[in-house]
Amino acid sequence: MAEPGLAVRRKSRPSSVRKRSRASAQPSAVCSPVARKRPSSGGEGPPTETPCSNDSEEDMFGDYDSFCGNDSLLAQVDDMEHKYLQDKNMDIKAAEHIILWNPQSGIHQKKQDHFSTSEKWQHDCLMLESLQQRKNLIYSLPTSGGKTLVAEIIILQELLCRQKDVLMILPYVAIVQEKVRGLSSFGIELGFLVEEYAGSKGRFPPIKRRKKKSLYIATIEKGHALVNSLIETERIDDLGLVVVDELHMLGEGSRGATLEITLAKILYTSKNTQIIGMSATLNNVGDLQKFLQAEYYTNNFRPVELKEYVKIRDTIYAVDSKTENGFTFSRLLNFKYSSNLEKADPDHIIALVTEVIPKYSCLIFCPTKKNCENVASMVCKYLKKDFRAHREKEKQDLIKNLKNIGNGSVCPVLKQTIPFGIAYHHSGLTNDERRSIEEAYSTGVLCLLACTATLAAGVNLPARRVILRAPYVASDFLKKNQYKQMIGRAGRAGIDSAGESILIVQEKDKHLVQDLVNSPLENCYSNLLLELTKGMQSCLLSLVGLKIAVTHEEVNSFMCSTLLSVQQHLLFKEKSLSEIIKDGLENLIEKGLLKRRISEDHNSKCTLTITPLGKATYKGSIDLAYCNLLYRELKKGLEGLILESNLHLLYLATPYDMTSNCSPDWMIYLRQFNQLSAAEQKVADIVGVPESFITKKASGQAIRKNMDSAVVNRLYLSFVLYTLLKETNIWSVSEKFNMSRGYVQNLLNSAASFASCVLHFCEELEEFWVYKALLTELTKQLTYCVKTELIPLMEVAGVLEARAKQLYNAGYKTLAHLANANPETLVKMIEHLSRRQAKQIVSSAKMLLSEKAEALQEEVEELLKVPTDIPGTY
């Protein structure tokens, strides 16, 4: 029987809300969120809707992979409830007690025998005894199997029933922003806050809310900083649930090490926080279960059948693990090539894509960014002109939109390919360009994307057919995990009866590919030792700083709760874990980040304490490889910080880890230097790059004196940022410095994030008080890089510069304007804005406004609270 007060009942929502919601519900809404409207043929006629098989009144979620795919899901639940009651002649009184989520009984359903296959596994997973007992859980299903929906139901249960805060950790900033947009409408309607922790966004520690609970949606790095702040303020038990998407990221470099440290701290410091991890690509689950003390659930369900093929010369083979070589003959390519076409397209990509486009969508994964652009250009060059007629006006609108984004400039490759419904997608695009292309692909305006492997792990863009141009990522042979993620994009629930993946193989790679398709997924190994300054040493520093462990013995005890401890028999040959810990602590003492303290009692016990520099380092999330250098440069800045412009400050906020990939153009370097004022030129001299050095390099003269290339490159990058903040135009700056616009965009994003880290670093050191106000303003400038009036609009999740300009010009100039906007009016007034996007913008604005209002209210209540220790009172 349900516990009183824990069930979420429909009667808690006012009838007025129901009526309003019902009016906005769309009839096709029970389809999968990845289901898109597609035309049945070319031309500009209205798109036909794919019929939806999930028409049972009891099928509340159908093939939903996530709540985020549909803004009006709650309204549809109301409608289905109402219809169900009418069909069953149930009275209204009984209707008010239908329970959606119940911590004791999982999801309450009247007829379990009517579950679809997807509901069945989701129901089984949610009904697991381990979940009812609040044990940790790892679950694994193929891509688009509906994993996210299960996590979101558990999240809502935690927020609404148990009244606890929740942390959701996602791998990339774009996915965090997508999830914030998607879940904000639920927060508004159900009364919880959705807070974004990505890039430079996020408050540490978060505001302690008295009334509403918070869903923190964070990247791996911000999630770690958030957990640290909750431990430090003794609020970790407020966190009832932590959900980790893409749990296999534990095995990926420094980010994996950070994720491992975060989860180990939660396990060690809180006995009340439940951890849920999910992934489509897990192998050594036993190790992860031991690490997370978790139960495991798996299922092979996939809403759309996936057919795997490889192509060798002109023959398509089906992947079949039961055969000796792993392949069975499927068919010959039915396509005649001219000699010219055979020379241009020896891999028959055009034959493969024209079998599906434009009626269906297709992705081509390419090894490099340049290869993406070349493939997109090559395909459209040989397509028939009929392809241009397919949704022609919308494609012209897309080009116009990209031109507005680039302030009159548009990539010549995209200008050539988009009329054919084709584009490329890689890190060379700006944020605005990437968003526009993704939206155009999602709505069927674009039918083919040539993309790099990053799309496979990014936002959800499925396709009828996925083609892998070659079994390589850059020059590295494809890993099984990468292969599975790429082919997992094939098949769109609610639209396709099956998805297809075709891996193009050269004869020389045939045996390697046979091994690839028949091999198991890669194991997930701890990276704490491989990433020393971001792994083991960073972990040890924060353990002492947070007082989780202050003696060698306590540190050893903590390390027993890490994945490294579970796998130490595989990793250590020369040293034990205890010896590695001892060496790490000694190293931190030598760096001046920790110090020993001998207690004065008779035990003379040696404990570890953190130094001010150490505390600033872990609270600022500064890489230990650079913390001493950063301190010296900030200290030197105090002696003569040039404040005529923000160039000197920008140099201090330029990320160290981007200098190694920078190759300055010396003529551009000299030209930019000469355009600086006399005071700004002093900055170069102060940091150690004299004018004579730049002049000699530009003229090709030999230089006897060795210069620190990291400093030289860092100053060059700060010139790029300085120009960018002045012009606020990535296109013009990328042309000025002969850099790709994607590189400039990445530099800007990294600088905003690093400026935020340096700000937190300075906040912990009294001597750097002068930097606090300066860096607060600089962080904001770098985060948005737009004219000041657009910043309030760009604070809303999902509103980038181009959209902010449209909104501002249409009269929506403040957050309050957006929060109170009518989505239907927005659609009419703003070009290229869909109804779904308009609803998400309004919901996100309402959520942000609510969050700010709540914060001010908390501050007011704190100020008015009567102290309990007033002198003379009893």
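Since we're looking at a predicted model, the values are computed, not measured.

Draft legend 1. Structural detail: the overall build of the protein chain. Of the regular secondary structure elements, the protein chain holds 39 helices and 21 strands. Within the protein chain, the fraction of its 874 residues that count as buried is 56%. Taking contacts inside the protein chain between residues at least 6 apart in sequence as the whole, the part at least 24 apart equals 72%. Accessible area for the protein chain stands at about 38,200 Å²; split by element, carbon and sulfur atoms hold 50% of it.

Draft legend 2. Region of the structure containing the pairing of strand E11 (residues 315-319). Pairing of strand E10 (residues 305-312) with E11 involves 4 bridges; the strand directions are antiparallel. Counted as the bridge partner of isoleucine 312 is threonine 315 from E11. In sequence, E10 turns back onto E11 through a hairpin of 2 residues, with arginine 313 there showing a positive phi of about 55°.

Draft legend 3. Broad picture of helix H19 (residues 510-518). The complete set of buried residues in H19 reads Val513, Gln514, Leu516 and Val517. Looking straight down H19, one finds that the buried residues subtend no more than 160° of arc, so they occupy a single side. Turned more than 90 degrees from where H19 packs its buried face, His511 and Asp515 sit exposed. The inward-facing, buried residues of H19 abut E10, E11, strand E12 (327-332), strand E18 (476-477), helix H18 (480-487) and strand E19 (498-505).

Draft legend 4. View of the sheet that holds strand E8 (residues 274-279). Read across the sheet, 7 strands follow the order E5-E6-E4-E7-E8-E3-E9 without closing on themselves; strand pairing throughout is parallel. Two strands close off the open sheet at either side, each with one partner strand: strand E5 (193-197) and strand E9 (294-298). Shown here is a sheet whose adjacent strand axes are inclined to one another by a mean of 15°, direction ignored. Pairing analysis gives 4 bridges linking strand E3 (residues 136-140) to E8, with the strands arranged parallel. Bridge pairing in E8 places isoleucine 138 opposite glycine 277. Each of E3, strand E4 (165-169), strand E7 (239-245) and E8 is contacted by helix H9 (residues 253-269), which is oriented at about 155° to E7, the strand it contacts most.

Draft legend 5. Layout of a nonpolar patch on the surface. A surface patch of nonpolar side chains, amounting to about 300 Å² of accessible area, comprises Leu638, Trp769 and Val770. Relative to the elements of secondary structure, tryptophan 769 occurs in helix H34 (residues 769-784). Since its relative accessible area comes to 61%, tryptophan 769 is described here as exposed.

Draft legend 6. Helix H6 (residues 147-160), seen in detail. Taking 1.5 Å per residue as the helical rise, H6 with its 14 residues ought to reach 20 Å, and the 20 Å between its terminal C-alpha atoms agrees with that figure. Most of H6 is tucked away, with 14 of its 14 residues classed as buried.

Draft legend 7. Inspection of the nonpolar core at higher detail. In this structure, Leu263, Met559, Phe761 and Leu782 are the most contacted members of the largest nonpolar core, which totals 125 residues. Here this core takes 12 residues from helix H33 (residues 741-763), the largest share from any one element. Other than its neighbours up to four places away in sequence, phenylalanine 761 contacts Leu613, Ala616, Thr617, Gly620, Ile622, Cys627, Leu630, Tyr631, Leu634 and Phe768. The next biggest cluster of nonpolar side chains, apart from the first, holds 75 residues, and it includes Leu352, Leu363, Ile405 and Val517.

Draft legend 8. Fine view of the confidence of the model for the protein chain. This prediction gives the protein chain a mean pLDDT of 85; 85% of its residues lie at or above 70. Mean pLDDT across the elements of the protein chain bottoms out in strand E2 (residues 106-107) (34) and peaks in E4 (98). Confidence drops under pLDDT 50 across residues 1-64; counting only partners more than four residues distant or on other chains, this segment forms 150 contacts. Considering only residues more than four positions removed or in separate chains, one finds that residues 76-85, a stretch of pLDDT under 50, has 30 contacts.

Draft legend 9. Main features of the packing of helix H26 (residues 627-639) against H33. Direction vectors running N to C along H26 and H33 enclose 75°, while the axes themselves pass 12 Å from each other. On the basis of the axis angle, H26 is roughly perpendicular to H33. Along the contact surface, H26 presents Cys627, Leu630, Tyr631 and Leu634, while H33 presents Val758, Phe761 and Cys762. Its residues assigned to classes, the contact of H26 with H33 shows 7 nonpolar, no polar and no charged.

Draft legend 10. Focus on the pattern of salt bridges. With the rule as written, the count across this model stands at 38 salt bridges. With a closest N to O distance of 2.9 Å, arginine 835 and glutamate 824 form a salt bridge. Of this pair, arginine 835 sits in helix H39 (residues 835-864) while glutamate 824 is found in helix H38 (residues 823-829), placing the two residues 11 residues apart along the sequence. By relative accessible area, which is 39% here, arginine 835 ends up partly exposed. For glutamate 824, a relative accessible area of 33% translates into the label partly exposed. It is possible to trace a salt-bridge network through shared partners that takes in Arg210, Lys211, Glu858, Glu861, Glu862 and Lys865.

What counts and how
- Residues numbered from 1 in each chain as written.
- Predicted model: local features only at pLDDT ≥ 70, side-chain atom pairs only at ≥ 80, totals over all residues.
- Heavy atoms only, no water.
- Helix = DSSP H or I, 4+ residues; strand = E, 2+ residues; numbered from the N terminus.
- Buried < 20%, exposed > 50% of the residue type's maximum accessible area, 1.4 Å probe, protein only.
- Contact = heavy atoms within 4.5 Å.
- Areas by Shrake-Rupley, 256 points an atom, 1.4 Å probe, with all protein chains shown as cover.
- Pairing = 2+ DSSP bridges.
- Arc of directions from axis to C-beta.
- Axes fitted to C-alpha atoms, helices over the stretch in contact; angles between N-to-C directions.
- Patch = residues over 30% accessible without salt bridge, like charges linked within 9 Å, V, L, I, M, F, W, Y side chains within 5 Å.
- Salt bridge = Lys/Arg side-chain N within 4 Å of Asp/Glu carboxyl O.
- Expected span 1.5 Å × (residues − 1).
- Core = buried A, V, L, I, M, F, W, Y, C linked by side-chain atoms within 4.5 Å.
- pLDDT = per-residue confidence, 0-100.
- Parallel < 35°, antiparallel > 145°, perpendicular 65-115°, else oblique.
- Nonpolar A, V, L, I, M, F, W, Y, C, P; charged D, E, K, R; others polar.

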